2 protein chains.
Amino acid sequence: MRSHYCGQLNETLVDQTVSLCGWVHRRRDHGGVIFLDLRDRDGIAQVVVDPDTAEAFATADRARSEYVLRISGRVRLRPEGTQNPKMPTGLIEVLAKEVEVLNTAATPPFQLDEHGRVGEEVRLKHRYIDLRRPEMIEKLRLRSRISHNVRDFLEGQGFLDIETPVLTRATPEGARDYLVPSRTHPGSFFALPQSPQLFKQLLMVAGFDRYYQIAKCFRDEDLRADRQPEFTQIDLEASFVSEEDIMGITEAMIRQLFQEVLDVELPEFPRMTWADAMHRFGSDKPDMRIPLMLVDVDDLMQQVDFQVFSGPASAADGRVAALKVPGGGGMSRKVIDEYTKFVGIYGAKGLAWIKVNERAKGIEGLQSPIVKFMENVIEELLDRVGAEDGDIIFFGADKAKVVNEALGALRVKLGEDLNLYTQPWAPLWVVDFPMFEADDNGRLSPLHHPFTSPSCSPEELKENPAGALSRAYDMVLNGTELGGGSIRIHDQAMQSTVFEILGIGEEEAREKFGFLLDALHYGAPPHGGLAFGLDRLVMLMAGARTIREVIAFPKTQSAGCLLTDAPGEVSADQLKDLNIRLRQKAKAESGSE
Amino acid sequence: MRSHYCGQLNETLVDQTVSLCGWVHRRRDHGGVIFLDLRDRDGIAQVVVDPDTAEAFATADRARSEYVLRISGRVRLRPEGTQNPKMPTGLIEVLAKEVEVLNTAATPPFQLDEHGRVGEEVRLKHRYIDLRRPEMIEKLRLRSRISHNVRDFLEGQGFLDIETPVLTRATPEGARDYLVPSRTHPGSFFALPQSPQLFKQLLMVAGFDRYYQIAKCFRDEDLRADRQPEFTQIDLEASFVSEEDIMGITEAMIRQLFQEVLDVELPEFPRMTWADAMHRFGSDKPDMRIPLMLVDVDDLMQQVDFQVFSGPASAADGRVAALKVPGGGGMSRKVIDEYTKFVGIYGAKGLAWIKVNERAKGIEGLQSPIVKFMENVIEELLDRVGAEDGDIIFFGADKAKVVNEALGALRVKLGEDLNLYTQPWAPLWVVDFPMFEADDNGRLSPLHHPFTSPSCSPEELKENPAGALSRAYDMVLNGTELGGGSIRIHDQAMQSTVFEILGIGEEEAREKFGFLLDALHYGAPPHGGLAFGLDRLVMLMAGARTIREVIAFPKTQSAGCLLTDAPGEVSADQLKDLNIRLRQKAKAESGSE
């Protein structure tokens with residue numbers, strides 16, 4: 001029906017007859033002539049309809065915004081002075097010979113140009129209109145290219161695309177499962193997978209050697225800003241590999257992806273231990289575009305006569321750290337107050353600061369509510385953080401966890417607010433994670449999942465589980481965790497030890513993961529893998545602010561779909577078929593019996 | 001950890017040192033030497049461990065079936081007389097220098113070579129062992145190649161890979177939905193999609209122009225032999241297209257797929273109307289490898305004095321058809337009885353037949369229980385079916401539906417039993433389907449789905465809905481429906497007419513498909529598409545007998561997974577979170593209240 005996409009037209013086609021199909025993006029009547037901007041997924045072309053072509057003119061005259069038209073006509077250069085060099089098709093226009101209305105359109109609930117004026121709710125409800133915006137089409141086109149590029153790379157590396165079940169059992173990630181009642185097994189339920197973790201390990205036991213899948217995963221969690229109940233993973237696993245193999249392959253994959261899709265040459269991926277990341281950046285996914293760093297001052301603050309600092313500085317689980325912002329000395333009291341409120345979100349009880357006005361003047365050259373308490377250590381402190389005139393130094397003093405989270409978040413916020421970025425892309429590997437994390441009662445839980453291999457022997461693990469490190473690795477880009485993985489346990493004895501430490505009894509282990517434990521008995525190879533969050537990867541690469549912008553039909557924060565009005569009510573017969581009833585209704589029924 | 005896959009070894013590597021990782025497929029001790037067949041996903045290599053390498057020998061001596069080993073050694077030619085030209089690696093062997101046990105293995109529940117001796121249940125329960133069989137790995141590798149080839153083709157044609165939701169609303173296919181209770185919307189349920197139909201139409205309204213997805217779909221149906229509760233579709237849709245465009249693109253896709261993956265040049269895809277297919281082959285997916293055809297003999301049988309034939313021949317909804325099997329005259333009574341039983345499955349009350357022993361002898365040369373009734377038409381009958389000496393002619397006489405189904409199935413069975421195939425691959429397009437089918441009460445329902453466009457105007461459709469044809473098309477290969485699709489309705493008025501004919505009131509239509517109807521208001525382009533069943537396509541290409549063989553983790557007939565024991569029980573708390581309770585349990589509870 002068309003000879004070209006609108007966006008493909010250019011000067012080389014002058015004098016040729018083309019046919020276009022698309023939507024009326026804008027219509028103007030000017031000097032007795034109708035100008036139609038015709039839009040398709042590739043761009044916008046200007047169509048001129050002259051009263052001389054009477055039939056075409058009459059048809060075009062009926063056309064309204066978002067009508068679907070087919071147009072044929074001759075490409076010509078726009079008259080001098082009306083050219084628009086900002087538009088790819090801005091040098092030419094099409095003089096229409098024929099105009100056909102393929103479909104009419106009711107007045108849309110919002111104009112594409114004015115999508116910012118309506119709330120996200122309206123746009124989600126009419127998603128098929130919101131998706132017409134060229135930038136939305138571009139983002140989903142980018143997503144398609146990213147998926148395909150990743151697949152090409154992995155196929156080239158010998159990874160096989162193998163589909164794992166969606167109707168399955170609870171998986172070990174520990175978030176809340178989505179459940180599916182079974183009709184043929186009354187009283188039983190499938191769980192939608194939180195990841196293909198167990199199945200990919202089984203595929204390794206089966207000998208597939210290299211597996212990948214771009215897989216839908218599901219978590220029924222209360223949604224934070226950047227979560228969706230269904231999300232997509234680039235999931236991969238390989239046998240007879242070490243950390244280096246998996247990190248090498250996936251780093252090459254991401255580098256090639258950025259190269260081929262964005263024409264960006266990513267810098268080297270430095271490696272950082274988890275301990276180092278927490279210590280220096282207060283985060284296990286530090287944004288390395290930001291040249292700010294947490295500096296330890298525990299030893300100094302133990303010497304000050306200021307309980308708020310000396311207490312945490314001396315406590316085993318406490319920490320006092322400084323965060324210097326070069327040139328930040330000009331911050332107003334109001335701005336500092338805002339940052340104080342900000343770190344409060346992370347549990348910090350305050351935000352101490354020192355402005356370095358004139359270092360040469362000694363303590364007189366400093367401005368700060370707290371400096372009076374630390375005269376004895378001030379020079380050493382300023383030396384340690386490398387303070388210069390015009391800087392501001394923030395302090396966190398609390399439990400280490402609070403200090404890390406508060407100053408870590410403050411660091412990222414300062415980077416954004418002050419636009420401190422030193423580079424557009426800063427990738428990073430974080431390695432040497434702890435095997436376990438302890439809750440307040442000292443109970444251990446796996447930092448990743450219970451199939452992650454420790455980097456020590458079962459005996460060493462038993463001896464000091466809290467200090468054990470795992471063979472896990474996370475890929476971080478610009479402060480976002482792109483993906484994470486590990487070498488898995490392939491040895492029965494090690495797996496039992498881990499379950500034991502986690503307080504998972506034999507019976508519970510069998511009931512939950514029996515089939516995997518069985519599989520480990522029958523010749524499991526050493527194996528490991530990694531899973532990337534595709535939505536977040538695309539979001540970063542598209543420069544989008546939320547993953548909702550890179551998902552065609554996203555859900556809201558309450559896990560609903562405004563477009564289709566899902567979830568919805570179902571009939572009593574359907575529930576009966578599934579051997580379930582609604583809790584509320586069941587109560588009402590029992591009352592009337 | 002390895003330098004080569006086992007299956008990669010060949011004579012060019014003689015005298016090189018290689019390292020291999022894999023499973024002990026077989027172990028033999030012969031003449032004081034240990035022979036290990038080491039298996040990985042690429043093949044099997046023979047490893048020789050000599051007592052001279054004492055440490056390696058001692059390790060190899062511990063190795064049992066399915067142990068996981070790493071071996072390094074020198075490639076050498078096998079001694080004259082011990083070569084195995086049937087094996088790709090049969091000319092060489094590896095003389096081990098080092099042998100390392102990476103993991104032990106308990107005695108597997110069945111030997112790979114002897115999988116045929118255990119039932120499918122045992123193999124599904126230990127699927128990770130069953131998948132180790134080289135032919136299983138091959139089938140899933142083929143599946144991976146097929147997916148990737150299809151993606152490459154569609155990407156090349158400008159189709160964008162766009163993911164549609166899995167947690168969604170009921171879709172219009174009409175099979176039973178899998179439901180997912182919502183925690184955040186108590187009393188409401190998501191449905192898992194039976195297809196991405198509605199979403200892909202919305203993507204066309206949004207202007208994506210060309211969409212594809214390899215998508216998981218779900219139907220909670222009682223499973224026939226060749227169904228799975230979750231299955232995979234190659235789903236595509238395009239805008240501003242006609243039937244010819246979609247058929248052209250998808251035919252090219254399948255031709256290229258067969259060419260590149262199987263090295264098979266598919267013949268031309270002939271087209272056949274649905275009416276023709278039913279009439280000549282008794283099926284809407286005729287297997288064109290079989291050179292048998294149903295021949296209409298209504299006009300002749302109206303003239304015979306045999307109510308069993310003359311009745312259906314004269315009835316409006318009746319049919320009498322003949323199916324000649326060349327050279328089938330030698331069938332024993334027992335075989336004919338079996339075929340009679342077979343057509344009984346499809347509702348046929350009997351299977352009349354005539355054996356043509358010597359046509360020159362006239363009626364004397366025929367053998368048949370029924371020929372005496374049809375002396376007056378016998379010569380014309382024999383001429384019409386082209387009967388020759390040695391043939392057998394079967395007859396169906398009943399309602400047309402019964403005759404078509406019974407003789408259609410018999411035709412396929414005869415083709416298989418007598419190996420009548422004229423070619424390995426026989427593709428076909430079936431077109432011009434009826435818009436609707438009538439149930440026994442004359443109630444119309446859509447043959448495809450209610451968004452399929454008829455090939456006439458709304459007025460003509462209203463006038464004669466039962467006679468209207470649709471713009472649908474099915475691709476058939478070797479008697480299997482590979483895929484089906486249609487040009488959709490993009491016009492509100494047409495959509496309303498179709499709903500009206502189907503007896504779907506405005507309110508019901510709004511409730512079920514309101515968002516699509518809305519979308520049709522706002523400038524929907526003409527569009528159409530097609531969906532292929534990937535599982536069946538792979539099954540055909542792999543020469544597998546069931547789709548279970550080409551799915552890594554299939555479910556049983558009762559929609560359960562023997563490996564993971566899914567579906568399983570869930571906790572009371574989980575049910576409470578979801579605002580549901582079990583029907584059985586709810587009863588017990590109300591009794592005790």
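Residues numbered from 1 in each chain as written. Chains lettered and ligands numbered in written order. Predicted model: local features only at pLDDT ≥ 70, side-chain atom pairs only at ≥ 80, totals over all residues. Heavy atoms only, no water.

By the naming in an unreviewed UniProt entry, chain A is Aspartate--tRNA(Asp/Asn) ligase, taken from Halomonas chromatireducens.

### Here's the deal with the UniProt feature "site: Important for tRNA non-discrimination" (unreviewed entry) in chain A
Residues and elements named next belong to chain A. Residues given the UniProt feature "site: Important for tRNA non-discrimination" (unreviewed entry) here are His30 and Gly81. The residue His30 is located in strand β1 (residues 17–30) in this model. Secondary-structure assignment places Gly81 in the loop between β4 (68–77) and β5 (92–103). (UniProt positions renumbered as here; feature names shortened; annotations may be inferred. Helix = DSSP H or I, 4+ residues; strand = E, 2+ residues; numbered from the N terminus.)

### Observations regarding the packing of helix α10 (residues 333–344) of chain A against helix α12 (residues 400–417) of chain A
All names here are of chain A. Where α10 meets α12, the axes come as close as 9 Å, and the angle between the chain directions of the two elements is 135°. Judged by the angle between their axes, α10 and α12 are oblique. Crossing handedness for the pair α10 and α12: right-handed. Each of Tyr339, Phe342 and Val343 in α10 lies in contact with α12, whose residues at this interface are Ala406, Ala409, Leu410, Lys413, Leu414 and Asp417. Residues belonging to the contact of α10 with α12 are distributed by class as follows: seven nonpolar, no polar and two charged. (Axes fitted to C-alpha atoms, helices over the stretch in contact; angles between N-to-C directions. Parallel < 35°, antiparallel > 145°, perpendicular 65-115°, else oblique. Left-handed = near helix turned anticlockwise from the far one by under 90°. Contact = heavy atoms within 4.5 Å. Nonpolar A, V, L, I, M, F, W, Y, C, P; charged D, E, K, R; others polar.)

### Topic: the UniProt feature "binding site: ATP" (unreviewed entry) in chain A
In this numbering, the UniProt entry assigns the feature "binding site: ATP" (unreviewed entry) to Arg219, Asp220, Glu221, Gln228, Glu481, Gly533, Leu534, Asp535 and Arg536 of chain A. Residue contacts for Asp220 of chain A: discarding those within four places in its chain leaves Arg176, Asp177 and Tyr178 of chain A together with Arg183 and Leu578 of chain B. Here Glu481 of chain A shows up in strand β21 (residues 480–487). Glu481 of chain A gets classed as partly exposed once you look at its relative accessible area, which sits at 31%. Apart from residues no more than four positions distant in its own chain, Glu481 of chain A is found in contact with Lys285, Asp474, Met475, Val476 and Arg536 of chain A. (Buried < 20%, exposed > 50% of the residue type's maximum accessible area, 1.4 Å probe, protein only.)

### A short note on the sheet that holds strand β2 (residues 33–40) of chain B
Residues and elements named next belong to chain B. Here five strands make up a closed barrel; going around it, the order is β1-β2-β3-β5-β4 and the pairing mixed. Averaged over all pairs of adjacent strands, the angle between strand axes in this sheet comes to 55°, irrespective of strand direction. Examined bridge by bridge, strand β4 (residues 68–77) and strand β5 (residues 92–103) share 10 bridges and lie antiparallel to one another. Of the residues in β5, the one forming a bridge with Gly73 is Ala96. (Pairing = 2+ DSSP bridges.)

### Quick word on the packing of helix α4 (residues 134–156) of chain B against helix α6 (residues 243–262) of chain B
Residue and element names in this part refer to chain B. Remark: α4 packs on α6, axes separated minimally by 10 Å, with the N-to-C direction vectors making an angle of 135°. What the angle tells us is that α4 and α6 run oblique. For the crossing formed where α4 meets α6, the hand is right-handed. Listed contacts from α6 to Leu142, Arg145, Ile146, Asn149, Val150, Phe153 and Leu154 of α4 are Ile249, Ala252, Met253, Gln256, Leu257, Glu260, Val261 and Leu262. In terms of residue class, the contact of α4 with α6 is made up of 11 nonpolar, two polar and two charged.

### Describing the interface of chain A and chain B
Interface size is often expressed as the accessible area that is lost when the parts come together. With 119 residues of chain A at the contact, the number on the chain B side is 119 residues. Inspection of the chain A/chain B interface yields 10 salt bridges. The salt bridge involving Asp220 of chain A is made with Arg183 of chain B; its shortest N-O contact spans 3.2 Å. For the pair chain A and chain B, the interface holds 59 residue pairs in polar contact (both at pLDDT 80 or more). When residues in the side of chain A that touches chain B are grouped by element, the largest group, 10 residues, is from helix α4 (residues 134–156) of chain A. Class assignment for the residues of the side of chain A that touches chain B results in 59 nonpolar, 29 polar and 31 charged. With three bridges connecting them, strand β23 (residues 580–582) of chain A and strand β23 (residues 580–582) of chain B associate as antiparallel partners. Counted as the bridge partner of Leu582 of chain A is Ile580 of chain B from β23 of chain B. (Salt bridge = Lys/Arg side-chain N within 4 Å of Asp/Glu carboxyl O. Polar contact = N/O pair within 3.5 Å; in protein donor to acceptor, adjacent residues only side chain to side chain.)

### Description of the relation of the copies chain A and chain B
What relates the two chain copies is a rotation about an axis together with a slide along it. When chain A is fitted to chain B, the best match, at an RMSD of 0.1 Å, comes from turning it 180° and sliding it 0.0 Å along the axis. The transformation just described matches what one would write down for a two-fold rotation axis. Residue by residue, 100% of the interface of chain A is reproduced at the interface of chain B, so both copies engage with the same surface. (Least-squares fit on C-alpha atoms with pLDDT ≥ 70 in both.)

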